[in-house]
Amino acid sequence: MATHDRPTAHFTWDELGRPPKPLRPAAHRLAQALERLRELRGDRPLTIVSAYRSPSRNAAVGGAPRSRHLVGDAADIPRGYATTRQAAAAGFVGIGSQNGWAIHVDVRPGPAARWTYP
Ligand SMILES: [Zn+2]
């Protein structure tokens with residue numbers, strides 16, 4: 001794959017877990033929201049912890065059976081990068097947080113979802 005074939009300026013398909021072609025539009029929407037978050041944080045580099053997961057990979061890491069990671073529109077990000085409020089401002093729809101820090105973000109269709117991790 002050509003090096004210019006990346007979803008957005010600061011993220012590569014590798015970083016997004018190499019989602020299969022049919023999931024690329026969803027992963028592209030994810031990358032666009034990640035770009036907005038990065039910009040909101042003053043262009044601070046953002047390391048993706050986990051994005052798209054194949055069903056076997058998802059099962060191996062104990063992901064939820066209907067995890068957004070399976071459809072390519074979710075990413076886990078390092079705690080301390082952005083607050084829940086900042087993630088919402090960047091356009092994320094599903095936000096899982098720990099101590100006020102967003103650690104899971106997704107661009108699911110439908111209503112906003114918020115939850116916390118212990
Ligand atoms: Zn997640």
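Residues numbered from 1 in each chain as written. Predicted model: local features only at pLDDT ≥ 70, side-chain atom pairs only at ≥ 80, totals over all residues. Heavy atoms only, no water.

**Student:** Can you tell me about the overall build of the chain, naming the residues and giving the values?
**Tutor:** Secondary structure assignment for the chain yields 3 helices and 4 strands. From first element to last, N terminus to C terminus, the chain shows the α and β order α-α-β-α-β-β-β. Relative to a compact globule of 118 residues, whose C-alpha radius of gyration would be 13 Å, the chain shows 13 Å and is just as compact. Viewed in the frame of its principal axes, the chain has a C-alpha envelope of about 40 × 35 × 25 Å. When the 118 residues of the chain are sorted by exposure, 42% land in the buried category. Counting only contacts in the chain whose residues sit at least 6 apart along the sequence, the fraction spanning at least 24 positions is 47%. (Helix = DSSP H or I, 4+ residues; strand = E, 2+ residues; numbered from the N terminus. Rg over C-alpha atoms; globule rule 2.2 N^0.38 Å. Buried < 20%, exposed > 50% of the residue type's maximum accessible area, 1.4 Å probe, protein only. Contact = heavy atoms within 4.5 Å.)

**Student:** Describe in detail the coordination of the zinc ion, supporting the description with residues and values.
**Tutor:** Taken together, His 69 (NE2), Asp 76 (OD) and His 104 (ND1) make up the protein donors of the zinc ion, found 2.0 Å from the metal. Coordination of the zinc ion draws on donor residues from a single chain, spaced H-x6-D-x27-H in sequence. Of this pair, His 69 sits in the loop between helix 2 (55–60) and strand 1 (74–76) while His 104 sits in strand 3 (residues 101–106), placing them 35 residues apart in sequence. (Donors = N, O, S within 2.8 Å, 3.2 Å for Na, K, Ca; no water.)

**Student:** Describe the nonpolar core, listing the residues and the values that go with them.
**Tutor:** Residues Leu 16, Leu 30, Leu 34, Leu 37, Leu 46, Phe 92 and Val 105 are the most contacted members of the largest nonpolar core, which totals 23 residues. Breaking this core down by element, the ones donating at least two residues are helix 1 (24–40) and strand 3. For this core, the leading source of residues is helix 1, giving 6 residues. Those residues in contact with Leu 46, other than ones at most four positions away along the chain, are Phe 11, Leu 34, Leu 37, Arg 38, Ile 77, Pro 78 and Tyr 81. (Core = buried A, V, L, I, M, F, W, Y, C linked by side-chain atoms within 4.5 Å.)

**Student:** Please give an account of the pairing of strand 3 that cites residues and values.
**Tutor:** Among the 6 residues in strand 3, 5 count as buried, and that is most of the element. Direction of pairing for strand 1 relative to strand 3: antiparallel, over a ladder of 3 bridges. Among the inter-strand pairings, Ala 75 is bridged to a residue of strand 3, identified as Val 105. The pairing of strand 2 (residues 94–98) with strand 3 spans 5 bridges and is classified as antiparallel. (Pairing = 2+ DSSP bridges.)

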